[in-house]
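Read off the chains here:
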Amino acid sequence: MGIKGLQGFVATVCPDVCRTVDLREMAEKHRIDHPDFPPVIVVDAMSCVRYWYTPESWVCGGQWREYLAILEDFIKAFMAAGIKLVFYFDGVVEEKKRDEWIKRRLQNTKEITRIFQFIKTHRKQPGRGMFVVPSALPTFTRFALKSLGQKTVCTLQEADFEVAAYGLQHNCIGILGQDSDYIIYNTCPYFSIEKLRLDRLVTVMYSREDLCRVLGLSLTHLPLFACLLGNDVVPESLLEGFWRKCLVTSPHKNNSYSRRANIILAVANYISKVPCSYSSLKHLKEMLPLGSDKTLLYRGVESYLLPGQQSPWIPPNLRSCETFSLQEQTAMCEDKEILQFAKEQHIRSENYTIFNILSSGETECSNSLEDDCDIEIPGQALIYRPARQHIYSVLLESGKGGANPLVKEWFVYFGNPLQQPELIQPVQPSIPGGTPNLKTLWFAKGPDVEKQRYSTFLACFHLQDGMEELQALEAPVAGFCCLLAYLMMQVNSLSLEDLNAFVAVILCLKGKSAAQLAGLQLAQVDSRAVHLGAVFVRGLTTLLMANSACGFPFRMDDLMPWEVFDGKLFQEKYQQSHQGCSLEELLEGNESLYAPFHNLKSFIFKACMAQKRTIQSRPRGNGFITGTQQREFNPRFQQTHRSSFVPPYHNQMRGFLWRNPQPQGKK
């Protein structure tokens, strides 16, 4: 997550550290120097997504086809220069960084509240200054890049360490990202995604060597320098007294600089006079109010040491021996074959959150673009919790005579202070004969097993009796229907008009290009539709989790948002539907869509009726929500830590849907 203020300091106080570089020229030089190894840039994708997402609309749920086209153009620009890209994504939130994760989530919640206030006041999207990435953008970026043929890695620890290690070990020409920790690691050069000009492949490189020269430091000083400025291991709150001492003795104090810039200069001055030795670190440790944890500085310095690297600050015998084997020894899942298979899929970005649950029994979900003042729509974390409880049961095989393990959830939603994880009880899905075990779902072959995978997936969403109808649909449409039926069953406030809007989106989306969708203009933006768009997209990640757990009855590509959803198109259909437009207008005059429209709705009606849920017409006209009254908890969506959220469903459905059969591929 970087060192606060360091990147800004480099740009303003020592601009010579920032060198403009031509990546094509660097790649050509690499080819000359290393003719047997193509030039590679390793990409810290998590720090790049906000720069990649450039579609004009970002509040409506995501312009996914536009975004996919942008990623494709990004890859093509590097391919044209003969540069291979390797993309890294955070696969875990490390325990030492949980407090910082929580702090950022709570800050994001405040930003999202301001966004909804703006939309309700002005009926339009705020300017880019208030930009937040669409819900689940990093998750779907990972699968998008994989679908575009790129090497995509999901990490087992904090991504910046694995990125820096990969760059060093594979002699990459550089790291592309936006994280000042890459100035500290002794690895390959660090390039800025923020400054990248894609048309010319020109960007800024931050030179560690030049930074050291300006500050009077050596490369071996940098890890300690980062720790004494405050990072993810050593909190800034412990360093205030030390900073004051450094400022008093610093010869570089400049009133025209910010306090942070002067602190950086003062800390560098102090460190430059300290001999690089273990005893020096021991003396420094005594100067800081580290409390009971005297190992903070050691751990902080060590966190920057890549495989094979040593530090004069730390004796070799003090290097920690943390390995993932320890994690696996204490894993929730005791089957080593299952755990190893899930781990390999996780690293290759082939599954979603499964390894985290099987290994640590812990999972998290960041902010979504949800309106905390809307008292009718529960948080997406609560809406999809019953489905997750069934998925946890499939994964942990609860209810089979053994202990029922609890899963720790860190999910952001209104009313959750994130002071501790919620402990969630797995709940067995309703499947005749019981839930198949993971070895059957993941490794067995044959048509009977394929049927088990599909039926187990459906049971997680209380739709197991709709298997025949759903299998008759194209796979993306079937996945869409699962999600929409579940959503309509779970949220009683959703109306016939909402249902019509969602169904119209998937039917009208087919055949529309990214350029056509980019050209769609909205006269105004409805805040409730913004909220529903975010809830729907988060639901797609729940489909990914269920699909991963059940052995991939669907191809992951068939459950992606660019197959079934577009934010602006949903806004348009939502407003049309609530304003009472004709079916002809809603379906853009395409009569061939009338029958599919009615058949998909018929399936969802029957699924809801089986749960005694009646979908009613509640047109909102042009009545945009403008209230700012804070919502209260809806008792229907409260849950104690150990109780089942919603009892398992027993659907009894008959009938048929429009048939357009397509084989269900396995991933």
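For clarity, every value in this text was computed on a predicted model and none was experimentally measured.

So, how was this worked out
- Residues numbered from 1 in each chain as written.
- Predicted model: local features only at pLDDT ≥ 70, side-chain atom pairs only at ≥ 80, totals over all residues.
- Heavy atoms only, no water.
- Helix = DSSP H or I, 4+ residues; strand = E, 2+ residues; numbered from the N terminus.
- Buried < 20%, exposed > 50% of the residue type's maximum accessible area, 1.4 Å probe, protein only.
- Areas by Shrake-Rupley, 256 points an atom, 1.4 Å probe, with all protein chains shown as cover.
- Phe/Tyr/Trp six-rings, centres within 6.5 Å; stacked < 30°, edge-to-face > 60°.
- Lys NZ or Arg CZ within 6 Å of the ring centre and 35° of its normal.
- Core = buried A, V, L, I, M, F, W, Y, C linked by side-chain atoms within 4.5 Å.
- Domains from an automatic or database assignment.
- Contact = heavy atoms within 4.5 Å.
- Pairing = 2+ DSSP bridges.
- Axes fitted to C-alpha atoms, helices over the stretch in contact; angles between N-to-C directions.
- Parallel < 35°, antiparallel > 145°, perpendicular 65-115°, else oblique.
- Left-handed = near helix turned anticlockwise from the far one by under 90°.
- Nonpolar A, V, L, I, M, F, W, Y, C, P; charged D, E, K, R; others polar.
- Salt bridge = Lys/Arg side-chain N within 4 Å of Asp/Glu carboxyl O.
- Expected span 1.5 Å × (residues − 1).
- Polar contact = N/O pair within 3.5 Å; in protein donor to acceptor, adjacent residues only side chain to side chain.

Q: Describe the overall build of the chain, with residues and values.
A: Summing up its helical and strand segments, the chain has 30 helices and 10 strands in all. The 667 residues of the chain split such that 58% are buried. For the chain, the exposed surface amounts to about 27100 Å²; the carbon and sulfur share of it is 52%.

Q: Residues and numbers for the packing of aromatic side chains, please.
A: This structure, assessed with the given rule, holds 29 aromatic pairs. Between Trp64 and Tyr67, the aromatic rings sit 6.4 Å apart at their centres with planes inclined by 80°, giving edge-to-face as the arrangement. Here the residue Trp64 and the residue Tyr67 both occupy positions in helix 4 (residues 64-80), the gap between them amounting to three residues, near one helical turn. Summarising the burial analysis for this pair, Trp64 and Tyr67 share the class buried. Taking the centre distance of 5.2 Å and the plane angle of 65° together, the rings of Tyr185 and Tyr304 count as edge-to-face. Of this pair, Tyr185 sits in the loop between helix 8 (181-184) and strand 6 (190-192) while Tyr304 sits in the loop between helix 14 (296-302) and helix 15 (324-329); the two residues are 119 residues apart in sequence, bridging distant segments of the chain. Of the residues examined, Tyr304 reaches a relative accessible area of 4% and is grouped as buried. Of the aromatic side chains, those joined through ring pairs into one cluster are Tyr53, Trp58, Trp64, Tyr67, Phe131 and Phe140. For the cation-ring pair, Arg98 lies above Trp101, with the distance from its terminal atom to the ring centre recorded as 5.0 Å. Taking NZ or CZ as reference, Arg128 lies 3.8 Å from the ring centre of Phe131, over its face.

Q: Quick one: what's the story with the nonpolar core, residue by residue and with numbers?
A: Ranked by size, the top nonpolar core spans 143 residues in total, and within it Ile41, Trp52, Phe78, Leu358 and Leu395 carry the most contacts. Both domains that furnish three or more residues to this core are identified here as domain 1 (6-211) and domain 3 (350-611). Discounting residues that sit within four places of it in the chain, Leu358 has contacts with Ala331, Met332, Cys333, Ile338, Leu339, Ala342, Leu395, Leu396, Leu438 and Trp442. Membership of the second largest hydrophobic core comes to 66 residues, among which are Val10, Val86, Tyr88 and Ile271.

Q: Give me the pairing of strand 5 (residues 174-177): which residues, what numbers.
A: What you see with strand 5 is no split at all: Gly174 and Leu176 on one side and Ile175 and Gly177 on the other are buried throughout. Alignment of strand 2 (residues 40-44) against strand 5, held across three bridges, turns out to be parallel. Within strand 5, the position partnered with Ile41 by the bridge is Gly174.

Q: Let's hear about the packing of helix 4 against helix 6 (residues 137-147): which residues, and what values?
A: Angle between the axes and distance between the axes are the two parameters that describe a pair of packed helices. Contact pair helix 4 / helix 6: the axes reach a minimum separation of 10 Å and the direction vectors enclose 55°. Regarding the angle of helix 4 to helix 6, the classification is oblique. Pair helix 4 / helix 6 crosses with right-handed handedness. Between helix 4, through Trp64, Tyr67, Leu68, Leu71 and Ile75, and helix 6, the contact on the second element is made entirely by Leu137, Phe140, Thr141, Ala144, Leu145 and Ser147. By residue class, the composition of the contact of helix 4 with helix 6 is nine nonpolar, two polar and no charged.

Q: Go over the pattern of salt bridges with me, naming the residues and quoting the values.
A: Under the defined criterion, the tally for this structure stands at 28 salt bridges. The shortest N-O distance in the salt bridge between Asp558 and Arg555 comes to 3.0 Å. The exposure class assigned to Asp558 is buried, which follows from its relative accessible area of 6%. The class for Arg555 is partly exposed, based on a relative accessible area of 37%. Between Glu588 and Lys573 there is a salt bridge, and its shortest N-O distance comes to 3.0 Å. Taken together, the residues span a long stretch of sequence, with Glu588 in the loop between helix 29 (583-586) and helix 30 (594-610) and Lys573 in helix 28 (residues 567-578) at a distance of 15 residues. Using a relative accessible area of 39% as the deciding quantity, one classes Glu588 as partly exposed. A single salt-bridge network, built from bridges that share partners, covers Arg385, Arg388, Glu409 and Glu422.

Q: How would you summarise the environment of Val21 if you had to cite specific residues and measurements?
A: Secondary-structure assignment places Val21 in strand 1 (residues 18-22). For the pair Val21 and Val204, spaced 183 residues apart in the sequence, the C-alpha separation amounts to 5.9 Å. The residues contacting Val21, other than those within four sequence positions of it, are Met26, Phe191, Leu201, Val202, Thr203 and Met205.

Q: I'd like a rundown of the packing of helix 24 (residues 496-509) against helix 30, residues and numbers included.
A: For the pair helix 24 and helix 30, interaxial distance at closest approach is 10 Å and the crossing angle is 130°. On the basis of the axis angle, helix 24 is oblique to helix 30. The two elements helix 24 and helix 30 cross, and the hand of that crossing is right-handed. Two secondary-structure elements touch here, helix 24 through Leu496, Leu499, Asn500, Val503, Ala504, Ile506 and Leu507 and helix 30 through Pro596, Phe597, Leu600, Lys601, Ile604 and Phe605. Classifying every residue of the contact of helix 24 with helix 30 gives 11 nonpolar, one polar and one charged.

Q: Go over the environment of Gly300 with me, naming the residues and quoting the values.
A: Residue placement: Gly300 occurs in helix 14. Along the chain, Gly300 and Val234 lie 66 residues apart, while their C-alpha atoms are 6.4 Å from each other. Setting aside chain neighbours within four positions, we find Gly300 in contact with Cys227 and Val233.

Q: Tell me what's going on with the sheet that holds strand 1, and back it up with residues and numbers.
A: One open sheet holds the seven strands; their spatial order is 1-7-6-5-2-3-4, and the pairing between them is mixed. With one partner strand each, in any of the chains shown, strand 1 and strand 4 (151-154) form the two edges of the open sheet. Recorded for the sheet is a direction-independent mean angle of 30° between the axes of neighbouring strands. Helix 6 contacts strand 3 (84-89) and strand 4 of the sheet and is inclined by roughly 150° relative to strand 3.

Q: Help me get a handle on helix 26 (residues 527-549), residues and values and all.
A: At 3.6 residues per turn, the α-helix brings residues three or four places apart onto the same side. Here helix 26 contains 23 residues, and its C-alpha end-to-end distance of 34 Å stays within 8% of the 33 Å for a straight helix at 1.5 Å per residue. Burial runs high along helix 26: 23 of the 23 residues are buried. Its side-chain oxygen placed 2.8 Å from the backbone nitrogen of Arg528, Asp526 serves as the N-cap of helix 26.

Q: Can you tell me about the sheet that holds strand 8 (residues 362-365), naming the residues and giving the values?
A: Across the sheet, three strands lie side by side as 8-9-10; this open sheet has mixed pairing. In the strand order of this sheet, the two ends are held by strand 8 and strand 10 (422-424), each with one partner. Within this sheet the neighbouring strands show an average axis-to-axis angle of 30°, counted without direction. By the bridge criterion, three bridges tie strand 9 (residues 407-411) to strand 10 in an arrangement that is antiparallel. Bridge pairing in strand 10 links Val407 to Ile424. Along the sheet face, helix 5 (residues 98-122) touches strand 8 and strand 9 and points at about 25° away from the line of strand 8. Where helix 19 (residues 385-396) meets the sheet, it contacts strand 8, strand 9 and strand 10, and its direction lies at approximately 145° from that of strand 9.

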